[in-house]
Amino acid sequence: MAGLAVSASPAPAPASFRPAAAASRFGPVAGPAANFRTRVCGLRCLIAAKLKFRKTLKRHGWQLRKNLEVRANDKVPDWLEATPLTENIMSRDVQLAYDSGGETSNTCPDTLDSSVIEQSSMHHKLNPSETHPPVLKEDPVLFDDPPESAAPLCIAVIGATGELAKNKVFPALFALYYSGFLPQNVGIFGYSRKTLTDEDLRSMIEANLTCRVDHHENCDEKLNEFLKRTYYIDAGYDNKDGMVKLNSRMSQIEGNCAANRIFYLAVPQEALLDVALSLADSAQTMQGWNRIIIEKPFGFTGLSSHRVTQSLLSRFEEEQIYRIDHLLGKDLIENLTVLRFSNLVFEPLWSRTYIRNVQVIFSEETAAEIQGRYFGNYGIIRDIVHSHILQTIALFAMEPPVSLDGEDIRDEKVKVLRSIRQVNLEDVVLGQLKDTSVKVDRYTKSLTPTYFAAAMYIDNSRWDGVPFLIKTGIGLMENRAEIRIQFRHVPGNIYRERFGHDIDLDTNELILRDQPEEAILLKVNNKVPGLGLQLDASELNLLYRDRYNVELPDSYEHLLLDVLDGDSHLFMRSDEVAAAWNVLTPLIHEIDQNRIAPELYEAGGRGPVNAYYLAAKHGIVKSVSPDCTTRGSGGGEMHVTPKVRKSLHGKEFDTASNRD
């Protein structure tokens, strides 16, 4: 195996470096000198550390002369001379490479050996008796990162025949594979109790796969490659035996190399622990990392959630668990922190001093899942509010994290969740979609809400007194997902008289919208061109469809890629789950104890009428958009009529005002 040596004086070996440990981590490095291990970072070591230090290598631009000899007897070359500009960098990065062994241990040594030999063209015969090595005539070249064969990756979809797996998970995996985000040596495994073959699974997956609209090149070829890498495991009725089968099949694909595994648990909550614990005992790899993905809802009560968490943590480390909520994979959520922390025009305004209220709105037209998730007693509070809504509030209201590291962001989110004041029942509106089917009894006997509105307050110095109005429901007039930030009035506004009787209609607003179309809107007041002083409320808009000519990826693609990269900031940590339950558990208990009947609302409407009164109670006005519409609590639109205002010259003109 070829190796590298530094011709300058060797740096002392770091105190934390143990030759035996390094040898077991990176594989044996042969050399003629007894102290070779402490003086030389072998070629295998550097390439293995490549993934972690790619940017460092490129930033410093190592210029190395081609001084390697690959001898017939496969002995290690005597040295590799580095240019004087990089001698200190070499000795420092050798130490870093040794220290990074935990991150790079996934590289397959056998694959590395062959790839390095193929890539290395540095063949020159050396005279061992020479005091100084001869320098080849070639000009110094940049030590570019040689392509490596990444560690094998196996992804298992547990519950592969379910609707979630067929319609979301497998299509997202194919989109990542097609776009080059999955390694070439990936294996996709479907795991279920149904008796199927590999070909049956491939046919089922193929029926739901499509290529990206913006790049169709080699679609059929990529599709065939992906399907060839999919396999099916018949789990039977015992998950312990099933996981043994899964592990055996994965091992066949991986060979003897170090490998990584991802397990997507698309299973009902009642089957979660049996699957997860069997997986922990029988299907984890011992030579790489293991990550499991768990679907919401995360428990039925705070107590049941705590028991599930403790059981999972008894077999897995916290950093292995990824609790996924696909709604958090929307660009709206990711852009929330980008907009705030990277723009000076917004960051100083993000507090009670300038923000009057915040509205988090999420509504869906469809009611297809109502029989399962909602009237199965989970309801919209456990399904949507616990994860999506509270996570959105936490990301919106958190203090600036120390870094973009997932743990730093989650630390700040937990602080927000722990600061949310206990919600009073008087500040809550529950709604239930009217049944339009023949089976009326299914609904009349249930009090499970399908609509939820509440005013929440965060008791800390940044947000004290600012209401966060959340409104979410299904079966409403449109799909809407947005965050609306209403700012306070300008103190001593000299144009107050020009706004008419209701100054609230001209409140500045920032709107971050994901549906019905992706946009960032900023409502401002300005003068209409012309004589006189006519004021108008206008929107400065950034419509994604006009600005970016790309297709937005599905949220599952975004989150699965985060799992692959080990980015956990959009996934709930165990203490976040507990903190969210602490907010909702007293409220759920009070609703159940008092048997609060939800207000019925029509399908395709704006939701319960009481949601309007709740907003007014907390000083949240119905904002008027420049297109002469105002948004209702269910995300719908209400038309407005003209209203007379006076100019400075005493003339009258029309402008928009509100009409219920």
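In what follows, the structure referred to is the one given above.
A few points on the structure. What you see is a predicted model, and the numbers here were worked out from it, not measured in a lab. (Residues numbered from 1 in each chain as written. Predicted model: local features only at pLDDT ≥ 70, side-chain atom pairs only at ≥ 80, totals over all residues. Heavy atoms only, no water.)

**A short note on the pattern of salt bridges**
- Counting across every chain of the model gives 24 salt bridges.
- For E602, the salt bridge goes to K434, with nearest N and O atoms at 2.9 Å. Here E602, found in the loop between strand 17 (599–601) and helix 22 (610–617), pairs with K434, found in the loop between strand 10 (428–433) and helix 18 (441–444); they are 168 residues apart in sequence, far enough to count as distant.
- When its relative accessible area of 46% is taken as the criterion, E602 is described as partly exposed.
- When its relative accessible area of 33% is taken as the criterion, K434 is described as partly exposed.
- A salt bridge links E482 to R484; the nearest nitrogen and oxygen atoms lie 2.9 Å apart. (Salt bridge = Lys/Arg side-chain N within 4 Å of Asp/Glu carboxyl O. Helix = DSSP H or I, 4+ residues; strand = E, 2+ residues; numbered from the N terminus. Buried < 20%, exposed > 50% of the residue type's maximum accessible area, 1.4 Å probe, protein only.)

**Quick word on the packing of helix 13 (residues 302–313) against helix 21 (residues 574–594)**
- Interhelical geometry of helix 13 versus helix 21 gives an angle of 170° and a closest axis separation of 10 Å. On the basis of the axis angle, helix 13 is roughly antiparallel to helix 21. Here helix 13 contributes G302, S305, T309 and L313 to the contact with helix 21, which in turn contributes S574, V577, W581 and T585. (Axes fitted to C-alpha atoms, helices over the stretch in contact; angles between N-to-C directions. Parallel < 35°, antiparallel > 145°, perpendicular 65-115°, else oblique. Contact = heavy atoms within 4.5 Å.)

**Things to note about the sheet that holds strand 3 (residues 153–158)**
- As summarised here, the arrangement of the six strands in space is 5-4-3-6-7-8, forming an open sheet in which the pairing is parallel. Every interior strand has two partners, whereas the edge strands, strand 5 (230–234) and strand 8 (321–324), have only one. Taken pair by pair, the neighbouring strands of this sheet meet at an average axis angle of 20°, ignoring direction.
- Pairing analysis gives four bridges linking strand 7 (residues 290–295) to strand 8, with the strands arranged parallel. Across the sheet, residue I294 finds its bridge partner in strand 8, namely R323. (Pairing = 2+ DSSP bridges.)

**Here we look at the nonpolar core**
- If you look at the biggest cluster of nonpolar residues, it comprises 124 residues, and the most contacted ones within it are F170, L246, F396 and F452.
- A per-element tally of this core places helix 16 (residues 379–397) first, with 11 residues.
- Formed jointly, this core draws a minimum of three residues from each of two domains, domain 1 (153–295) and domain 2 (328–618).
- Counting 12 residues, the second-largest nonpolar core is a separate cluster that includes Y451, I474, L476 and L614. (Core = buried A, V, L, I, M, F, W, Y, C linked by side-chain atoms within 4.5 Å. Domains from an automatic or database assignment.)

**Examining the environment of P553**
- Tracing the backbone through its elements, the reader meets P553 in the loop between helix 19 (544–547) and helix 20 (555–565).
- By relative accessible area, which is 44% here, P553 ends up partly exposed.
- Through-space distance from the C-alpha of P553 to that of A172 is 8.8 Å; in sequence the pair is 381 residues apart.

**Let's talk about the packing of aromatic side chains**
- Within this structure, the stated rule accounts for 10 aromatic pairs.
- Over the aromatic face of F300 sits the side chain of R382, whose NZ or CZ is 3.9 Å from the ring centroid. (Phe/Tyr/Trp six-rings, centres within 6.5 Å; stacked < 30°, edge-to-face > 60°. Lys NZ or Arg CZ within 6 Å of the ring centre and 35° of its normal.)

**Let's talk about helix 11 (residues 239–254)**
- Over its 16 residues, helix 11 extends 22 Å from the first C-alpha to the last, a length consistent with the 22 Å expected when each residue adds 1.5 Å.
- Burial in helix 11 covers these residues: N239, G242, M243, L246, M250 and E254. The buried residues of helix 11 occupy an angular sector of 105° when projected down its axis, which confines them to one face. Within helix 11, the exposed residues directed more than 90 degrees away from the buried face are K240 and Q252.
- Residues of helix 11 that are buried sit in contact with strand 3, strand 4 (186–192), strand 5, strand 6 (260–265) and helix 12 (269–282).
- One side-chain oxygen at the N-terminal end of helix 11 lies 3.0 Å from the backbone nitrogen of K240; it belongs to D238.
- One or two steps after helix 11, the chain reaches G255, where phi turns positive at roughly 75°. (Expected span 1.5 Å × (residues − 1). Arc of directions from axis to C-beta. Polar contact = N/O pair within 3.5 Å; in protein donor to acceptor, adjacent residues only side chain to side chain.)

**Quick look at the pairing of strand 5**
- Within strand 5, four of the five residues are buried, which leaves it mostly tucked inside the rest of the structure.
- Sheet topology places strand 4 next to strand 5; five bridges connect them, and they run parallel. Bridge pairing in strand 5 links S192 to D234.

**Considering the sheet that holds strand 12 (residues 468–474)**
- Taken together, nine strands build an open sheet; the order of strands is 16-15-14-13-9-12-11-10-17 and the sheet is mixed. Unpaired on one side and paired on the other, strand 16 (535–543) and strand 17 mark the two borders of the sheet. Strand after strand, the sheet turns through a mean of 15° between neighbouring axes, direction not considered.
- Both strand 10 and strand 17 contribute to a ladder of three bridges, which runs parallel. Following the sheet pairing, G431 is matched in strand 17 by E599.
- Helix-sheet contacts for helix 14 (residues 331–341) involve strand 13 (480–487), strand 14 (509–515) and strand 15 (519–527), and the interaxial angle to strand 14 is about 150°.
- Strands strand 10, strand 11 (451–456), strand 12 and strand 17 of the sheet are contacted by helix 22, whose axis makes an angle of about 10° with strand 11.

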